Amino acid sequence: MDMEARRHDTKGESVCVVSEEITVDWRGKPSNPNKHGGMRAAAFVLGLQAFEIMAIAAVGNNLITYVINEMHFSLSKSANIVTNFVGTIFILALLGGYLSDSYLGCFWTMLIFGFVELSGFILLSVQAHLPQLKPPQCNMLTGGENCIEAKGFKTLIFFVALYMVALGSGCVKPNMIAHGGDQFNQSNPKQSKKLSTYFNAAYFAFSMGELFALTLLVWVQTNSGMDVGFGVSAAVMAMGLISLVSGTLYYRNKAPQGSIFTPIAQVFVAAMFKRKQICPANPQMLHGSQNSVPSNGLVDPSSDPCRLVHTQRFRFLDKACIKVEDGSDRKESPWRLCSVTQVEQVKILISAIPIFACTIVFNTILAQLQTFSVQQGSAMDTQLTKSFHIPPASLQSIPYIILIFVVPLYETFFVPFARKISGHESGISPLQRIGAGLFFVTFSMVSAAIMEKKRRDAAVDSNKILSIFWITPQFLIFGLSEMLTAVGLIEFFYKQSLKGMQAFLTAITYCSYSFGFYLSSLLVSLVNKVTSSSSTNKGWLSDNDLNKDRLDLFYWMLAVLGFLNFLNYLFWARWYSYSPPSVSITTQQGTHGDDYGFTNSSKHVGDESIP
């Protein structure tokens, strides 16, 4: 049984809160609010998140160095191996979300695939340790043309291990966020505020994991060898699984609902079968319509556990709600007749797709910071003291050093201040947070382009090597924009009123990373092809030497692409925020408009229009 709660925001307006599903403890009995859930239970999940990202980031962020120096692949091929690996992790998040919501539940999905990821780390460590599983040692910088590229069984072992890690990590990631979010009751105003705090805490745990990975673990890889580094990643992942299991007695678990795609498919099938039907002029004639409200403005929550009211958007789907009157009492199949609530949930999912798509370019920019920017740092002076050199891969720790201070300040000072002004429980809405991040990320690529031009000119014209600290601004700006965009996107999708799909919706946010990294690989190949006008004129990124490549021009192209993407996002954010209901509903507090209406099925708590 579901229970639906309604509450009032600070403006005195009634808003719809996502319905609460019955949760159970580890034995399958109903959970006790005094014993299960809350930040105490979520802390164990945050532990897994910190350790898992620490393990995977140490591998992913320094993988290009290993692939070039140990496996002897070219720069462009190595960059594509890394981006395809990271892209696969995030596309497999869909599998993890589907298995969790439909069959296994978050806890068991994380536990099973966590061990798959651990096994992949162990196999990578073995492959990196045994000389017979790698090509002969060779310096790619001085004698790259004579180095033998890894082939056959050696590459097979490498890719099997790599994609075991990808499978495990991909299926674990969305469930960490979803399971942590499930520890909070969204129908309770205090718990709902803590949910927003949890999302910020999750990003803090992510930042801490990244920081340790990009400093301590990368240092171990650089100085003790990649075999030891991969082994440390395996040990860290094991600690994450221990953290997960330690919280078993405190979790409130949502039971899987069966195939989450069935209700969605039923809407499309029913609409197709009734495509020749004409929708009634009065939406209240549709099956399961909730547009009629008593004169006192209050709705009986027991009449529908997840109340969504008909909207005018995507009217072709409304045909799935047309009840055929054939004179008999025969009940139509759910594949022929759906409720308005069921159709409106599909509308929500479709409406959110453009918001998701606008973050793909953002993650294409992220891909550059994990590939070409690492090589950029390798071509600079990495000396910090006489005896200590900064590993290039550790450059990516710069934003996380700042963010471990910025995130607590954001939650402690900015959110309460913004909450007083906006009345929003998160300070600013997820849509506004995403938009701010997409705006700032453009300047990360502007900074990267300027610094690369300066570095290249100094190396080519003056034979001078600049300090590695010259490229820190691009990492710092990106870190701030990622804190806004990544957390905003997760909160946006998690709070959608799609029952039993929280893990899968969280997985959709990770697909943005996947498509961004795949787009990065495509752009690298496309740019090389377009900019190679002849056999003597190589492409911008076709050489293994950055002093001969034109990485700065590639960065400028991404800066322009990022700004155009931000303008595109503004359009879709406004489109999403404005969804006029077919019938206005008046409550005791007054008539609702487009921004805060209980009647707006595509508009939920916190999704105000972008100004």
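If you're wondering where the values come from, they're calculated on a predicted model, not measured in any experiment.

Participant: Please set out the overall build of the protein residue by residue, giving values where relevant.
Facilitator: Each helix and strand counted, the protein has 18 helices and 6 strands in total. Here the protein, with 611 residues, has 58% of them falling under the buried criterion. Of the contacts made within the protein by residues no fewer than 6 positions apart, 81% connect residues no fewer than 24 positions apart.

Participant: Residue-level account of unusual backbone geometry, with values.
Facilitator: Although it is not a glycine, Phe-314 adopts a positive phi angle of roughly 55°. Turning to its location among the elements, Phe-314 is positioned in the loop between α10 (261-273) and α11 (340-357). Unlike most non-glycine residues, Asn-463 shows phi in positive territory, near 50°. Summarising the element assignment, Asn-463 is placed in the loop between α15 (430-461) and α16 (472-494).

Participant: Just give me the short version of the side chain of Thr-531, but keep the residues and values in it.
Facilitator: Within the element layout of this structure, Thr-531 appears in helix α17 (residues 502-531). At a separation of 2.5 Å, a polar atom in the side chain of Thr-531 contacts the main-chain carbonyl oxygen of Val-527.

Participant: How would you summarise empty space enclosed by the protein if you had to cite specific residues and measurements?
Facilitator: Scanning the entire structure with this criterion turns up 6 cavities of 30 Å³ or more. Of the volumes computed, that of the largest cavity is approximately 440 Å³. Lining the largest cavity we find 29 residues, and of these Ile-53, Phe-90, Lys-173, Phe-206 and Glu-210 sit closest to its centre. By residue class, the composition of the lining of the largest cavity is 21 nonpolar, 4 polar and 4 charged.

Participant: For the pattern of salt bridges, give the residues involved together with the corresponding values.
Facilitator: Here the idea is simple: oppositely charged side chains can pair when their charged atoms come close. Counted by the stated rule, this structure contains 10 salt bridges. As a salt-bridge pair, Asp-318 and Lys-347 come within 3.0 Å of each other at their nearest N and O atoms. On the criterion of sequence distance, the pair formed by Asp-318 in the loop between α10 and α11 and Lys-347 in helix α11 is long-range, its members being 29 residues apart. Lys-347 matches Asp-318 in its accessibility class, with the two residues each being buried. Across the pair Arg-550 and Asp-552 runs a salt bridge whose closest N-O atoms are separated by 2.9 Å. Of the residues examined, Arg-550 reaches a relative accessible area of 25% and is grouped as partly exposed. Where salt bridges share partners, they join Arg-315, Asp-318, Glu-344 and Lys-347 into one cluster.

Participant: Can you tell me about the packing of aromatic side chains, naming the residues and giving the values?
Facilitator: Per the stated rule, a full pass over the model turns up 28 aromatic pairs. With 6.4 Å between their ring centres and 80° between their planes, Phe-314 and Phe-316 make a pair best called edge-to-face. The exposure class of Phe-316 is partly exposed, given its relative accessible area of 46%. The side chain of Arg-313 reaches across the aromatic face of Trp-575, ending 4.1 Å from its centre. In this structure, Arg-336 packs its charged tip against the face of Phe-273, placed 3.9 Å from the ring centre.

Participant: So, a nonpolar patch on the surface: which residues are in play, and what are the values?
Facilitator: On the surface, Phe-439, Phe-440, Phe-443, Val-560, Phe-563, Leu-564 and Leu-567 cluster together into a nonpolar patch covering about 620 Å² of accessible area. If you tally residues by element for the nonpolar patch, the top one is helix α18 (residues 551-577), at 4 residues. Assignment of secondary structure puts Phe-439 in helix α15. You can call Phe-439 partly exposed: its relative accessible area is 32%.

Participant: Which residues make up the nonpolar core, and what values do they have?
Facilitator: Generally speaking, a soluble globular protein has its nonpolar side chains buried in company with each other. In this structure, Phe-85, Phe-158, Tyr-198, Tyr-203 and Phe-554 are the most contacted members of the largest nonpolar core, which totals 157 residues. Here this core takes 13 residues from helix α1 (residues 38-60), the largest share from any one element. Setting aside anything within four residues of it in sequence, one finds Tyr-198 in contact with Met-39, Ala-42, Val-45, Leu-46, Met-176, Ile-177, Gly-180, Gly-181 and Phe-184.

Participant: Any chance you could break down α16 for me, citing the residues and the numbers?
Facilitator: Between the first and last C-alpha of α16 there are 33 Å, a value that for 23 residues agrees with the 33 Å anticipated at 1.5 Å per step. At Glu-482, α16 shows its strongest bend, of approximately 30°.

Participant: Could you give me a rundown of helix α8 (residues 189-224), with the residues and numbers involved?
Facilitator: Spanning 36 residues, α8 covers 51 Å between terminal C-alpha atoms, matching the ideal 52 Å at 1.5 Å per step. Once α8 finishes, Gly-225 follows within two positions and takes phi at roughly 105°, a positive value.

Participant: Tell me what's going on with the side chain of Glu-452, and back it up with residues and numbers.
Facilitator: Inspection of the secondary structure assignment puts Glu-452 in helix α15. Residue classification places Glu-452 among the buried residues on the basis of a relative accessible area of 0%. When neighbours within four sequence positions are excluded, Glu-452 is seen to be in contact with Gln-376, Leu-546, Leu-551, Asp-552 and Tyr-555.

Participant: Requested: an account of the confidence of the model for the protein, with residues and values cited.
Facilitator: With 83% of its residues at a pLDDT of at least 70, the protein reaches an overall mean of 78. Throughout residues 1-19 the model reports pLDDT below 50, and contacts reaching past four residues in sequence, or to other chains, amount to 61 contacts. This stretch, residues 580-611, has a pLDDT under 50; its non-local contacts, to residues over four places away or in other chains, come to 107 contacts.

Participant: Describe the packing of α1 against helix α9 (residues 226-246), naming the residues involved and giving the relevant values.
Facilitator: The geometry of α1 relative to α9 is characterised by a closest axis approach of 8 Å and an angle of 165° between their N-to-C directions. Considering the angle they form, α1 stands roughly antiparallel to α9. In the crossing of α1 with α9, the sense of the turn from one axis to the other is left-handed. Contacts between α1 and α9 involve Phe-44, Gly-47, Leu-48, Phe-51, Glu-52, Met-54, Ala-55, Ala-58 and Val-59 on the former and, on the latter, Phe-230, Ser-233, Val-236, Met-237, Met-239, Gly-240, Leu-241, Ser-243, Leu-244 and Ser-246.

Participant: Tell me about the environment of Gly-377, residues and numbers included.
Facilitator: Structurally, the position occupied by Gly-377 is in helix α13 (residues 372-378). Classification of Gly-377 as buried rests on a relative accessible area of 0%. For Gly-377 and Ile-468, which are 91 residues apart along the polypeptide, the C-alpha to C-alpha distance reads 5.8 Å.

Participant: Requested: an account of the environment of Ile-468, with residues and values cited.
Facilitator: Here Ile-468 lies in the loop between α15 and α16. Judged by relative accessible area, Ile-468 falls into the buried class, the value being 1%. C-alpha separation for the pair Ile-468 and Arg-455, spaced 13 residues apart in sequence, amounts to 9.6 Å.

Participant: So what's going on with the environment of Ser-102? Which residues, and what values?
Facilitator: In this structure, Ser-102 sits in helix α4 (residues 93-104). The buried category is assigned to Ser-102, whose relative accessible area is 3%. Between the alpha carbons of Ser-102 and Gly-258 there is a distance of 4.3 Å; along the sequence they are 156 residues apart. Residues contacting Ser-102, with those up to four places away along its chain left out, are Pro-256, Gln-257, Gly-258, Ser-259 and Ile-260. One polar contact links the side chain of Ser-102 to the main-chain amide nitrogen of Ile-260, over a distance of 3.2 Å.

Calculation criteria
Residues numbered from 1 in each chain as written. Predicted model: local features only at pLDDT ≥ 70, side-chain atom pairs only at ≥ 80, totals over all residues. Heavy atoms only, no water. Helix = DSSP H or I, 4+ residues; strand = E, 2+ residues; numbered from the N terminus. Buried < 20%, exposed > 50% of the residue type's maximum accessible area, 1.4 Å probe, protein only. Contact = heavy atoms within 4.5 Å. Polar contact = N/O pair within 3.5 Å; in protein donor to acceptor, adjacent residues only side chain to side chain. 1 Å grid on protein atoms, 1.4 Å probe; cavity = no way out; pocket = protein on both sides within 12 Å on 5 of 7 lines; lining within 4 Å. Points joined across faces, edges and corners; volume = space filled by probe spheres on them. Nonpolar A, V, L, I, M, F, W, Y, C, P; charged D, E, K, R; others polar. Salt bridge = Lys/Arg side-chain N within 4 Å of Asp/Glu carboxyl O. Phe/Tyr/Trp six-rings, centres within 6.5 Å; stacked < 30°, edge-to-face > 60°. Lys NZ or Arg CZ within 6 Å of the ring centre and 35° of its normal. Patch = residues over 30% accessible without salt bridge, like charges linked within 9 Å, V, L, I, M, F, W, Y side chains within 5 Å. Areas by Shrake-Rupley, 256 points an atom, 1.4 Å probe, with all protein chains shown as cover. Core = buried A, V, L, I, M, F, W, Y, C linked by side-chain atoms within 4.5 Å. Expected span 1.5 Å × (residues − 1). Bend = angle between axes of the 7 residues up to and from the residue. pLDDT = per-residue confidence, 0-100. Axes fitted to C-alpha atoms, helices over the stretch in contact; angles between N-to-C directions. Parallel < 35°, antiparallel > 145°, perpendicular 65-115°, else oblique. Left-handed = near helix turned anticlockwise from the far one by under 90°.

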